[in-house]
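Chain and residue survey
Listed below are the residues making up each chain.
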Amino acid sequence: MKNEITSLVITAVFLRILHSGSDVQYVSNGLTHNTCHYILYANVSRNHRVMKYIFKYASIPLVMFLLCVPGIQTSYAESIRKPVWAGQFYPDSKIALEKQIQELTQKAKETGFNPPAGKSLKAIIMPHAGYIYSGLTAAHASLAIPNNQFTKVILLGPDHRIGFENCAISNVTAYRTPLGVIPLHKDAANLRRESSLFTSIPASDTIEHSLEVILPFLQYYLSAFELVPIVVGYTKNTDRIASALHPLIDNQTLLVVSSDLSHFLPYKEAVRKDKETINMILNKKTTELAKSNLRACGITPIAILLKLAIQNDWQPVLIHYSNSGDTAGNKSKVVGYAAIAFYADTLNSAIETQSSRMNPQHGQTLLKLARHTIMKKLDMKIKTSESASLDAALTDNIFQMQSGTFVTLSIDGNLRGCIGNITPNGTISESVQRNAINAAFHDPRFGPLTSTEFKKVHIEVSILSDPKPLLYKNSTDLISKLRPNMDGVIINKDGLSATFLPQVWSQLPDPNLFLSHLCTKAGLQSNAWEKGPLDVFTYQVQYFEE
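Keep in mind that what you see is a predicted model, and the values were worked out from it rather than measured. Residue numbers restart at each chain and count upward from 1, following the sequence in its written direction. In view of the model being predicted, local features appear only for residues whose pLDDT reaches at least 70, and side-chain atom pairs are presented and counted only at 80 or more, with totals across whole chains, interfaces and linings using the full set of residues. Note that water and hydrogens are dropped before the side-chain values are worked out from all heavy atoms of the structure.

1. Considering the packing of helix α8 (residues 186-194) against helix α16 (residues 360-377)
To keep things clear, this is the line we draw: Interaxial angles span 0 to 180 degrees and are taken between N-to-C directions of axes, which are lines fitted to C-alpha atoms, for helices over the stretch in contact. Every helix listed is a DSSP run of H or I at least four residues long, and every strand listed is a run of E at least two residues long, numbered separately from the N terminus. Angle categories: roughly parallel below 35 degrees, roughly antiparallel above 145, roughly perpendicular from 65 to 115, and oblique for all the rest. Here, two residues are considered to be in contact whenever any of their heavy atoms come within 4.5 Å of each other.
Between α8 and α16, whose axes approach to 9 Å, the crossing angle comes to 30 degrees. With respect to α16, the axis of α8 lies roughly parallel. Contacts from Asn190, Leu191, Arg193 and Glu194 of α8 reach α16 at Pro360, Gln361 and Gln364.

2. Describing the sheet that holds strand β14 (residues 414-421)
Heads up, the condition is: DSSP calls a pair of strands paired once it identifies at least 2 bridges connecting them.
Within the open sheet, the four strands sit side by side as β14-β13-β15-β20. Their pairing is antiparallel. Only two strands of the sheet have a single neighbouring strand rather than two, namely β14 and β20 (541-545). For this sheet, the mean angle separating the axes of adjacent strands, direction not counted, is 15 degrees. In this structure, strand β13 (residues 404-411) lies alongside strand β15 (residues 457-464), joined through eight bridges in antiparallel fashion. When the bridges of β15 are listed, Thr408 appears paired with Glu460. Packing against the sheet, α16 makes contact with β13, β15 and β20, and its axis sits at approximately 125 degrees to β15.

3. Re the pattern of salt bridges
The following threshold applies: Salt bridge, as used here: a side-chain nitrogen of Lys or Arg that lies within 4 Å of a carboxyl oxygen of Asp or Glu. Each residue is placed in one exposure class: buried if its accessible area under a 1.4 Å probe, protein chains only, is under 20% of its type's maximum, exposed if it is over 50%, and partly exposed if it falls in between.
In this structure the tally under the stated criterion is twelve salt bridges. Notably, a salt bridge pairs Glu276 with Arg272, separated by 3.1 Å at the nearest N-O pair. Residue Glu276 and its partner Arg272 are located together in helix α12 (residues 267-282), separated by four residues, close to a single helical turn. Among the salt bridges present, the one from Arg295 reaches Glu276, with a minimum N-O distance of 3.1 Å. Highlighted residues: Arg295 in the loop between α13 (286-290) and α14 (299-312) and Glu276 in helix α12, separated in sequence by 19 residues. Residue classification places Arg295 among the buried positions, given a relative accessible area of 11%.

4. Looking at unusual backbone geometry
One non-glycine residue, Lys284, lies in positive phi territory at about 55 degrees. Phi at Asp379 takes a positive value of approximately 60 degrees, unusual for a residue other than glycine. By secondary structure assignment, the location of Asp379 is in the loop between α16 and α17 (384-393).

5. A word on α14
Rules: Under the convention used throughout, the expected extent of a helix is 1.5 Å for every residue step, that is, one less than its residue count.
Taking 1.5 Å of rise per residue, the 14 residues of α14 would be expected to cover 20 Å, and the 20 Å separating its terminal C-alpha atoms lies within 8% of that figure. Burial analysis of α14 places eleven of its 14 residues in the buried class, which makes it a mostly covered element. Those residues of α14 not exposed but buried are Ile299, Pro301, Ile302, Ile304, Leu305, Leu306, Lys307, Leu308, Ala309, Ile310 and Gln311. A positive backbone phi angle near 60 degrees is found at Asp313, which sits one or two residues after α14.

6. Considerations on the confidence of the model for the protein chain
Stated formally: Note on scores: pLDDT gives the predictor's confidence for each residue, bounded by 0 and 100.
With 83% of its residues at a pLDDT of 70 or more, the protein chain has an overall mean of 83. Contacts of residues 1-77 to residues separated by more than four positions or lying in other chains number 65 contacts, the stretch itself having pLDDT below 50. Scored below 50 in pLDDT, residues 347-356 shows 18 contacts in the model against residues more than four places distant or in partner chains.

7. Observations regarding α16
Inclusion rule: Two N or O atoms form a polar contact when they lie within 3.5 Å of each other; inside protein one atom must be a possible hydrogen donor and the other a possible acceptor, and for residues adjacent in sequence the pair counts only when both atoms belong to side chains.
Taking 1.5 Å of rise per residue, 18 residues should cover 26 Å, and α16 covers 26 Å from first to last C-alpha, within 8% of that figure. Judged by how many residues are buried, α16 sits mostly within the fold: 14 of 18 residues are covered. The N-capping residue of α16, defined by a side-chain oxygen 2.9 Å from the backbone nitrogen of Gln361, is Asn359.

8. Considerations on the sheet that holds strand β17 (residues 488-493)
Read across the open sheet, the four strands follow the order β16-β19-β17-β18; overall the sheet is antiparallel. Of all the strands in the sheet, just β16 (468-469) and β18 (496-500) have a single pairing partner and so form its edges. Where β17 and strand β19 (residues 535-539) come together, five bridges link them in antiparallel fashion. Paired with Asn492 across the strands is Asp535, a residue of β19.

See the structure below:
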């Protein structure tokens with residue numbers, strides 16, 4: 001009785017917390033206050049006899065309660081995310097789970113898929129249904145994943161059950177499956193800390209399956225690795241999410257997207273629609289994919305992957321396709337599954353420049369450098385501790401590399417200054433300081449920035465890759481070779497030139513308008529790109545914003 005009361009008092013105190021002001025957090029995460037109340041009340045209602053006792057003492061101050069319960073202070077921050085769907089989507093016993101994956105893997109080898117020669121695996125799409133349905137297709141990942149090559153996995157899966165914006169990353173130290181514990185990589189916490197796009201949503205942890213179902217396969221094929229688990233909700237920020245992930249990907253990192261294809265269509269209709277979807281993925285047709293979210297439950301994680309694939313020139317290859325009508329279900333209503341691998345040329349798979357290996361912490365350092373530089377120019381006071389911290393961070397050798405940079409200032413979403421250099425001009429830190437001053441005080445489109453304006457300024461720093469010439473035959477060919485949201489573009493004709501950063505695609509998504517405005521910016525006729533010839537160069541950007 002005593003243990004039962006202790007357990008129920010814990011439940012009741014958390015119920016009281018919900019009643020005392022934490023409703024907003026749960027509502028914002030897609031879980032209503034009433035839903036939380038119901039879940040907790042259901043736990044205590046089994047023993048109505050002690051309810052009055054519990055609520056009588058539930059008003060004890062929370063601080064006293066925490067002091068009396070050993071370990072409760074750090075229980076969540078240091079917790080392990082336990083398997084929720086073991087015994088339902090897949091076996092909950094280690095022996096049975098290993099046996100099933102082994103059998104599925106052996107069967108997958110009968111298809112005879114061979115990875116393309118001279119290529120290195122960068123990413124893979126895998127399905128996440130119950131193993132009796134999608135397990136065979138998921139097991140085809142074994143034909144692409146080299147044994148123990150990757151030490152980090154960034155796993156993206158869709159939100160099925162909660163409803164939230166942008167991305168959720170668990171605030172735990174590890175994930176557990178029947179095959180063992182997978183520690184989280186430090187990048188998981190860094191993403192939550194450095195970007196508002198990534199937050200902890202505990203309600204998602206408790207019921208989402210899209211990541212969990214993939215993990216045993218990865219454990220079986222990779223052995224030891226660290227995990228960056230990302231559940232993707234509704235978002236319009238796929239470009240920004242892709243940009244945040246880009247610097248985290250190196251030769252020891254595998255990007256995995258968890259997604260099924262069409263749902264509950266008759267067999268023949270499903271096969272037709274899934275083939276269309278697969279072809280869009282193989283041809284990296286992001287615009288066509290975005291027109292229908294019914295093609296795949298993981299359509300947004302796939303879109304993020306495709307943006308990275310376009311930016312890094314990864315080539316997708318279909319490994320296997322099936323649907324539930326082929327495996328364990330009837331053919332009247334089926335769910336489609338695909339395993340698709342993304343490869344890079346081995347010689348080009350390493351990151352080309354030191355600057356493109358910047359992580360979010362490096363980006364935050366550059367943003368602080370830009371802000372402090374402008375503050376000094378305005379004779380504004382900077383705390384000694386902040387200045388010392390920045391100086392220490394800038395000793396990292398990465399800031400001594402050379403690269404083109406831009407500094408962009410905005411106020412309330414409106415441009416307030418943007419100056420940069422496309423080709424390297426000094427070290428990255430020197431370049432950012434110089435462009436911060438120029439954007440704030442010497443952009444010819446604006447007057448000098450004032451101290452009052454500075455308090456409202458939002459700063460963005462862009463690091464540029466080396467521009468490369470874009471060869472094209474005519475205006476139609478030029479349009480087809482541009483990569484919206486990925487390529488920055490430089491045009492040059494008769495000594496007149498201009499550039500748009502890749503971020504400008506969000507305001508001018510139509511390539512025709514993009515090029516027309518760029519020609520106007522250069523002082524050319526707006527249709528100069530159609531008449532040609534223009535010298536066109538493209539580059540990519542890694543950008544960070546406050």
